[in-house]
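Per-entry structural report
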Amino acid sequence: MASLFSRSARKNPADSTVTLIGKPGCHLCDVAQEVIERVCAETGASWEKKDITQDQELYRKYWEQIPVVLVDGAQHDFWRVDPQRLRKALGA
């Protein structure tokens, strides 16, 4: 019965990867990248950047939403990145 009330272990942010999907010349993408760089530096999470102009599948899937942010491959946000929400998604 005690296991019903115990909290699950908090994940380590350093085990997570944040992916920014955007394109060159996108002002919102530049702002999102600044937020992602700052949060990942604080939490130890890694991050990567993908360009929709270089990937037809990403373009098809996300062209109306960029910048798009994924956390460990799952869509987290688009257009704007809230640093507190990103920290929470990373377990920080």
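Let us look at the structure shown here. (Residues numbered from 1 in each chain as written. Predicted model: local features only at pLDDT ≥ 70, side-chain atom pairs only at ≥ 80, totals over all residues. Heavy atoms only, no water.)

**Quick notes on the sheet that holds strand S1 (residues 17-22)**
The mixed open sheet is built from four strands, whose spatial order is S2-S1-S3-S4. Of all strands in the sheet, those bounded by a partner on one side alone are strand S2 (46-51) and strand S4 (74-78). When the angles between neighbouring strand axes are averaged without regard to direction, this sheet yields 25°. In this sheet, S4 lies alongside strand S3 (residues 68-71) in antiparallel orientation, the contact comprising four bridges. Residue pairing for S4: Val69 is matched across the bridge by Asp77. (Pairing = 2+ DSSP bridges. Helix = DSSP H or I, 4+ residues; strand = E, 2+ residues; numbered from the N terminus. Axes fitted to C-alpha atoms, helices over the stretch in contact; angles between N-to-C directions.)

**What to know about the nonpolar core**
Residues Val18, Ile36, Val69, Val81, Leu86 and Leu90 are the most contacted members of the largest nonpolar core, which totals 13 residues. Secondary-structure elements contributing two or more residues to this core are S1, helix H2 (27-43) and S3. Of the residues forming this core, the biggest block, five residues, is contributed by H2. If we ignore the near neighbours within four places in the chain, the residues touching Val81 are Ala32, Val35, Val69 and Leu86. Cys29, Ile52, Leu58 and Ile66 belong to the second largest nonpolar core, which has nine residues in total. (Core = buried A, V, L, I, M, F, W, Y, C linked by side-chain atoms within 4.5 Å. Buried < 20%, exposed > 50% of the residue type's maximum accessible area, 1.4 Å probe, protein only. Contact = heavy atoms within 4.5 Å.)

**A word on the packing of aromatic side chains**
Here the structure, examined in full by the defined rule, presents two aromatic pairs. Between the aromatic rings of Tyr59 and Trp63, the centroid separation amounts to 6.2 Å while the plane-to-plane angle is 15°, which identifies the pairing as stacked. The interplanar angle of 70° and the centroid separation of 4.7 Å between the aromatic rings of Phe78 and Trp79 together place this pair among those described as edge-to-face. Residue class for Trp79 comes out partly exposed when judged on its relative accessible area of 45%. (Phe/Tyr/Trp six-rings, centres within 6.5 Å; stacked < 30°, edge-to-face > 60°.)

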